[in-house]
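Per-entry structural report
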Amino acid sequence: MTDQSSPQPAENTVCDGHTLYQLALAGCDWLDQHHAIVNQLNVFPVPDGDTGTNMLMTMRNAIKEASDNEHAHIGQVAAHLAHGAMMGSRGNSGTILSQLWQGFAHALKDQPTLTAELLVKGLRQASDTAYRGVIKPVEGTILTVSREVAEEAEEAYQDTDDVIDILACVVDRAKDALARTPEMLPILQKAGVVDSGGSGLTYILEGMLRFVRGEAVIAAETAAVPVEDLAAALAPEDEMGYGYDVQFIIQGDNLNVNVVRSAIDAMGWSTLVVGNESAVKVHVHVHDPGIPLSYGVSLGAISDIVVENMQEQFHEYLRERADQPAPDLIEASPFGIELAGDDIGVVAVVSGEGLARVFQQLGATELVMGGQTNNPSTQEILEAIQRLPVRNVILLPNNKNIILAAEQAARLATDQEVIVVPTRSMPQGISALLPYDPQGELDMVADAMMQAKDDVVTGEITTATRSVELNGVQVNQGQIIGLVDGVLATAGDNLNQVMQDVLAQMQALDCELITLYYGEDILKPDAEELAESLRQVYPDQEFELVYGGQPHYYFILSAE
Amino acid sequence: MPRILIMTDSTCDLPAEWVRQYDIRVVPTYVQFDLESLADDGVELVRADFYRRLVSVSTLPTTSAPPLGQTIEVMTQALKDADHVIALPVSSLLSAIYNIFRLATERTDPSRVTLIDSRMVSMGLGWEVVIAAEMAQAGASPQEIEAAMLDLQPRISLWAALDTLKYLRRSGRVGWAAAMLGDLFDIKPVVSVSGGEVLSQSRVRTSKRAFQTLVDLARQHAPIERLAVLHTQYLDGARQLFDALADIHPNTAVAIVDVTPVIGVHVGPNGLGLAVVRRNR
């Protein structure tokens, strides 16, 4: 694209219209090489990842507009570039870029050539016009970079009237200002990135400098691969990311390597299991390192434990590969909300690490671990309430045997306003949590949650601890039993059959969505297989399978 | 009587016949599939095609504000055709378009343009535009129209129920999304546009419940003066929602519209929404 046959302008103290056009072209090409990186930096004002694209499209249109007039005098070329940028500007960053060109062109109006004095004036007017172009200028953005660039040009002009020298100073300063943007704009700091628009502008200026120095502005084969491509080439195995690399040795008696291998294999990928009856070496990649480790502990003592976060290694790798001073990948925003003062906080009693994650993600900030055979004390619940830094609290007991303790804890928490929404099961608790609004009125939010808890029917699948006849159901100790909303509904020896009986009694046919939370004793592939067979029976219902990790209950079901 | 024209952007979702009837001047926003940029003007990009492509592409499209130059052109033409222009773009808190309209106003004839922040989007904005246009036709002054818009804005509500979180997650645009929606199972968020911003209204897990939430919200806000049902490639659902509100919607001033890609890119297909104007009591 770029005409590189005459990279050096005739003189370093002046620049004509044609050279300005070539400079713009070089800036555009260099931005083109890096626009994917600029996109990935985009977190401000909205993280929609299109800053690089918008700036590139704006530059392309500027060049297109000027291409018919590239041999005109510099004032005209600048005016064409500015007009093209304005007509083709896209989005916020593109609009600001067009304003930079606008101001620059205004300073060069009616001038045949560019001198150092005009360059300095042009950069100043560019920045001033850009600042006026936004309603509330924010520092730590492309505006800051443009202003420091103008200041640097003014300072450099004290010492030299060589436009290339000035441009070189300007590019250094742009990079320096860019590196400091996270100090000025907290959201950048939080995301661990520099400003995207500022980065786009820096690439444009750098492209110009490379051009006058005779350096390539089209990336060579060996140049850094754009992060986006690199990320695609190294895509994780699934959408949950890269997970953890887990290694350990199990020491025990009568270990069966084949059984261990098939169990570990079902938990993750890249499995390697070797050993003998007394020691088995395990290597596996998983999303949750706790699963293989717990499994190992159930067989014997584990040692030589190594757990590595592959996601981090991947990011580390990308950072090293990408020719960039700042990290390029933006971490997904962390879950969790920050509460204070009159906000409403939620305490939930939860059993199972998977279910705990569900409650956390939906906004329950304090969790008390406990359930059917492990009821938490009033004191534990009270402490959880008191840990919340807010005056208003909603408490979800999620088990009928815990409601009383919850109510007692609520009465004891005299410094806070606590309402118990008496959820009798995990699915009821999850359903109640859906309309939770931390900024709402306590009574209204509690009302909405109270109503929402009854939007689901709960099913529970567990083992009978004794033989009994209840509700007309004959149960033998050790049999699989199914409960619907806490009432014994069916018993049998076949898990699949018990699940089907329970779903039938839950009126699943009239429901839209069935969620299956599988417990700690069920392996994921078995759960998947079972869910698939239930899908065959209920083709019109949507099924979601979620790891609950609860003890004692093979499955907890919710139908709505 | 001086002639007043209303100028807005394509996120207003106004049906074409109303645009013609009131001679509304609409600046298109742009949708970018990679480096292919298409104007949301019903010609370069037809909305049905947008949603068809949305579900099939691996990289989500992005949307962007129109070029300042194009906005200036539309405004200049409107100023030629009328004595005064009411510029009424999408909420300044949702898009760069408001700032572009502001710059266009400065560069044309600020004395003949009244710029108003609609604090709305889609048919919430659409209703402001229609009411402003009706007032202009009835001979109201720019000052009267501006005052009426400020009075009207608190009476407009917009709610939308997303069928899936998939697109919102991929677009990353709505800040609160990451806070309480999680990634362990699918949730159908119900959102509102209030005070110019998108806020979380509720979270539900079934489409039946999402539908009912919209119906309940509308009923809580009755009596209703104007009602638009919004959808993203889900006309059947929109018709059902329209019918479910038969007893509270006005006989005139109703519309069923497919929603701007600016919203659609975050919502994905099968979303439903309502834009209502409450009666002034």
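These numbers come from a predicted model, not from an experiment.

When you go through chain B residue by residue, the secondary structure sums to 11 helices and 13 strands. What you see for chain B is a C-alpha radius of gyration of 18 Å, in line with the 19 Å of a compact globule of 281 residues. Its C-alpha atoms give chain B principal-axis dimensions of roughly 60 × 50 × 30 Å. Counting over 281 residues, chain B shows a buried share of 62%. Pairs at least 24 residues apart make up 75% of the contacts formed inside chain B by residues separated by at least 6 positions. Looking at chain B as shown, the accessible area adds up to about 10,600 Å², and 49% of this sits on carbon and sulfur atoms.

On to the sheet that holds strand β16 (residues 513-518) of chain A. Residues and elements named next belong to chain A. Strand order in the open sheet made by the six strands is β15-β14-β11-β18-β16-β17, with mixed pairing throughout. Two strands close off the open sheet at either side, each with one partner strand: β15 (487-492) and β17 (542-547). The average undirected angle you get between the axes of adjacent strands in this sheet is 20°. Examined bridge by bridge, strand β11 (residues 457-463) and strand β18 (residues 555-559) share five bridges and lie antiparallel to one another. Among the inter-strand pairings, Ile 461 is bridged to a residue of β18, identified as Phe 555.

This paragraph deals with the pattern of salt bridges. Enumeration according to the criterion identifies 35 salt bridges over all chains in this entry. Here B:Arg3 ties to B:Asp23 by a salt bridge, and the two come within 3.0 Å at their closest N and O atoms. Taken together, the residues B:Arg3 in the segment before β1 (4-9) and B:Asp23 in the loop between α1 (16-22) and β2 (25-27) connect sequence positions 20 residues apart. Assessed through its relative accessible area of 37%, B:Arg3 is described here as partly exposed. The shortest N-O distance in the salt bridge between B:Asp49 and B:Arg52 comes to 2.7 Å. Linking B:Asp49 with B:Arg52, this pair stays in helix α2 (residues 47-56), spanning three residues, or about one helical turn. Beyond isolated ion pairs, a larger network of salt bridges with shared partners links A:Glu139, A:Arg147, A:Glu148, A:Glu151, A:Glu152, A:Glu155, A:Arg173, A:Asp176 and A:Arg180.

Turning next to the domain arrangement of chain B. Residue and element names in this part refer to chain B. Here chain B is partitioned into domain 1 (4-154) and domain 2 (155-278). Contact with domain 1, which involves 39 residues of that partner, is made by 36 residues of domain 2. In this assembly, domain 1 packs against domain 2 so that about 3,100 Å² is buried in total across both faces, 66% of it on carbon and sulfur atoms. Broken down residue by residue, the surface that domain 1 buries against domain 2 is led by Tyr 51, Leu 60 and Trp 127, which jointly contribute 23%. Residue Arg 155 pairs with Asp 151 through a salt bridge whose shortest N-O separation is 3.9 Å. Here domain 1 is connected to domain 2 by 12 residue pairs in polar contact (both at pLDDT 80 or more). At the level of secondary structure, the elements contributing two or more residues to the side of domain 1 that touches domain 2 comprise α2, α5 (122-137) and α6 (142-152).

Right, let's talk about the domain arrangement of chain A for a bit. Residues and elements named next belong to chain A. Entries for chain A in the domain assignment read domain 1 (14-222), domain 2 (244-319), domain 3 (341-455) and domain 4 (457-559). Taking only C-alpha atoms, the centre of domain 3 and the centre of domain 4 are 25 Å apart. Counting residues at the interface gives 15 residues for domain 3, matched by 15 residues for domain 4. Of all residues in domain 3, the largest losses of buried area upon contact with domain 4 belong to Leu 355, Gln 372 and Pro 427, amounting jointly to 35% of the total for that side. Counting the contacts that link domain 3 with domain 4 gives zero salt bridges. Linking domain 3 with domain 4 are four residue pairs in polar contact (both at pLDDT 80 or more). Those elements that provide at least two residues to the side of domain 3 that touches domain 4 are α14 (353-361) and α17 (426-433). Counting residues per element, the side of domain 3 that touches domain 4 draws most heavily on α14, at five residues. Counted by class, the side of domain 3 that touches domain 4 contains five nonpolar, seven polar and three charged residues.

We now examine the interface of chain A and chain B. With 49 residues of chain A in contact, the opposing surface of chain B contributes 44 residues. With both sides pooled, the region where chain A packs onto chain B buries about 3,800 Å², and carbon together with sulfur makes up 55% of that total. Its largest share of buried area at the contact with chain B, chain A owes to A:Gln361, A:Leu434 and A:Glu512, together 15% of the area lost on that side. Put simply, chain A and chain B have three salt bridges between them. B:Arg205 is the salt-bridge partner of A:Glu560, the closest N and O atoms lying 3.9 Å from each other. Joining chain A to chain B, the criterion identifies 19 residue pairs in polar contact (both at pLDDT 80 or more). At the level of secondary structure, the elements contributing two or more residues to the side of chain A that touches chain B comprise α2 (51-66), α3 (74-88), α4 (91-108), α14, α17, β16 and β17 of chain A. Class assignment for the residues of the side of chain A that touches chain B results in 22 nonpolar, 16 polar and 11 charged.

Turning next to helix α1 (residues 17-41) of chain A. Residue and element names in this part refer to chain A. Here α1 spans 33 Å end to end across 25 residues, near enough to the 36 Å set by a 1.5 Å rise per residue. When the local axis directions of α1 are compared, the greatest deviation, roughly 60°, occurs at His 34. Counting buried positions along α1 yields 22 of 25 residues, so the element is predominantly enclosed.

Our next topic: the packing of aromatic side chains. All names here are of chain B. Summed over the entire model, instances satisfying the criterion amount to five aromatic pairs over all chains. An angle of 75° between the planes, with centres 4.8 Å apart, marks the rings of Phe 50 and Tyr 51 as edge-to-face. Judged by its relative accessible area of 0%, Phe 50 falls in the buried class. Pairwise contacts between aromatic rings join Phe 33, Phe 50 and Tyr 51 into one cluster. For Arg 53, the ring lying beneath its charged end belongs to Phe 33, and the centroid distance is 3.9 Å. Of note, Arg 205 hangs over the ring of Phe 185, and the distance from its end group to the ring centre comes to 3.7 Å.

Right, let's talk about the environment of A:Glu380 for a bit. Residue and element names in this part refer to chain A. Tracing the backbone shows Glu 380 in helix α15 (residues 378-387). What makes Glu 380 partly exposed here is its relative accessible area of 38%. Here the alpha-carbon distance between Glu 380 and Val 368, two residues 12 residues apart in the chain, equals 7.2 Å.

If you trace the backbone, B:Thr29 turns up in the loop between β2 and β3 (30-33). Residues contacting B:Thr29, with those up to four places away along its chain left out, are B:Asp9, B:Ser10, B:Thr11, B:Leu38, B:Ala39, B:Asp40, B:Ser64, B:Pro66, B:Ile97 and B:Val262.

Conventions adopted
- Residues numbered from 1 in each chain as written.
- Chains lettered and ligands numbered in written order.
- Predicted model: local features only at pLDDT ≥ 70, side-chain atom pairs only at ≥ 80, totals over all residues.
- Heavy atoms only, no water.
- Helix = DSSP H or I, 4+ residues; strand = E, 2+ residues; numbered from the N terminus.
- Rg over C-alpha atoms; globule rule 2.2 N^0.38 Å.
- Buried < 20%, exposed > 50% of the residue type's maximum accessible area, 1.4 Å probe, protein only.
- Contact = heavy atoms within 4.5 Å.
- Areas by Shrake-Rupley, 256 points an atom, 1.4 Å probe, with all protein chains shown as cover.
- Pairing = 2+ DSSP bridges.
- Axes fitted to C-alpha atoms, helices over the stretch in contact; angles between N-to-C directions.
- Salt bridge = Lys/Arg side-chain N within 4 Å of Asp/Glu carboxyl O.
- Domains from an automatic or database assignment.
- Buried area = accessible area lost by both parts, 1.4 Å probe.
- Polar contact = N/O pair within 3.5 Å; in protein donor to acceptor, adjacent residues only side chain to side chain.
- Nonpolar A, V, L, I, M, F, W, Y, C, P; charged D, E, K, R; others polar.
- Expected span 1.5 Å × (residues − 1).
- Bend = angle between axes of the 7 residues up to and from the residue.
- Phe/Tyr/Trp six-rings, centres within 6.5 Å; stacked < 30°, edge-to-face > 60°.
- Lys NZ or Arg CZ within 6 Å of the ring centre and 35° of its normal.

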